[in-house]
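# Commentary on secondary and tertiary structure
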Amino acid sequence: TLAEKIVWTADGSKAYFTKPKVSNTQILPDDYYSGSLNQFQESLYEVNIATGQVTLLSDSIGTVDSRDLMLNAAETELLFINANDNKLYKLTLPE
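Notes on the structure follow. (Residues numbered from 1 in each chain as written. Predicted model: local features only at pLDDT ≥ 70, side-chain atom pairs only at ≥ 80, totals over all residues. Heavy atoms only, no water.)

### Quick notes on the packing of aromatic side chains
Scanning the entire structure with this criterion turns up 2 aromatic pairs. Each ring, one from Phe80 and one from Tyr89, has its centre 5.5 Å from the other, and the planes form 10 degrees; the classification is stacked. On the accessibility criterion, Tyr89 (28% relative accessible area) is partly exposed. (Phe/Tyr/Trp six-rings, centres within 6.5 Å; stacked < 30°, edge-to-face > 60°. Buried < 20%, exposed > 50% of the residue type's maximum accessible area, 1.4 Å probe, protein only.)

Given below as structure tokens:
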């Protein structure tokens, strides 16, 4: 994924990231930054930093281009700006 698609918990024990779904012929980050990806779906993942375990939380959070990820104070919701429409989106994280 890309650095602007990652957010850490306050204690640093977990990180959440979104990852664009791209074809095997597309190369990240080159094609993303050149603007050649157009519309794409994104998946949501959680990483346990202590164990290195990566968990897929959602196979698709929609046709979005998430950036500026942040967590609410309780770390139960992930918020991000969709670069496609510059609107704020919210996802409830599993417990």
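### Considerations on the pattern of salt bridges
A full pass over the atoms with the stated rule returns 6 salt bridges. Between Lys14 and Glu46 there is a salt bridge, with the nearest N and O atoms lying 3.7 Å from each other. A residue pair is termed long-range when its members are at least 10 positions apart, and Lys14 in strand S2 (residues 14-20) and Glu46 in strand S3 (residues 42-48) qualify at 32 residues. (Salt bridge = Lys/Arg side-chain N within 4 Å of Asp/Glu carboxyl O. Helix = DSSP H or I, 4+ residues; strand = E, 2+ residues; numbered from the N terminus.)

### With respect to the sheet that holds S2
The strands making up a sheet associate through hydrogen bonds between their backbones, and the pairing can be parallel or antiparallel. Across the sheet, which stays open at both edges, the 4 strands sit in the order S1-S2-S3-S4 with antiparallel pairing between neighbours. What marks the edges here is a single partner per strand, and that holds for strand S1 (6-8) and strand S4 (54-58). On average, each strand axis in the sheet is inclined to that of its neighbour by 25 degrees, with strand direction left out of account. In the sheet, S3 pairs with S4 via 4 bridges, with the strands oriented antiparallel. Counted as the bridge partner of Tyr45 is Leu56 from S4. (Pairing = 2+ DSSP bridges. Axes fitted to C-alpha atoms, helices over the stretch in contact; angles between N-to-C directions.)

### A closer look at the sheet that holds strand S6 (residues 77-82)
Read from one edge of the open sheet, 3 strands run S5-S6-S7, paired in antiparallel fashion. Edge positions in the sheet fall to strand S5 (66-71) and strand S7 (87-92), since each has one partner strand and no second. Within the sheet, the average angular offset between the axes of one strand and its neighbour, ignoring direction, is 25 degrees. Looking at chain direction, S5 and S6 are connected through 4 bridges and run antiparallel. Bridge pairing in S6 places Leu71 opposite Leu78.

### What about the nonpolar core?
Grouped together as the largest cluster of nonpolar side chains are 10 residues: Val7, Tyr16, Leu44, Ile61, Val64, Leu69, Leu71, Leu78, Phe80 and Leu93. Those residues in contact with Leu69, other than ones at most four positions away along the chain, are Glu4, Lys5, Ile6, Val7, Tyr16, Phe17, Thr18, Leu78, Leu79 and Phe80. (Core = buried A, V, L, I, M, F, W, Y, C linked by side-chain atoms within 4.5 Å. Contact = heavy atoms within 4.5 Å.)

### What to know about unusual backbone geometry
Although it is not a glycine, Glu75 adopts a positive phi angle of roughly 60 degrees. Inspection of the secondary structure puts Glu75 in the loop between S5 and S6. Looking at Glu75, the relative accessible area reads 27%, which means it is partly exposed. One non-glycine residue, Asn86, adopts positive backbone phi at about 60 degrees. In this structure, Asn86 sits in the loop between S6 and S7. The exposed category is assigned to Asn86, whose relative accessible area is 54%.

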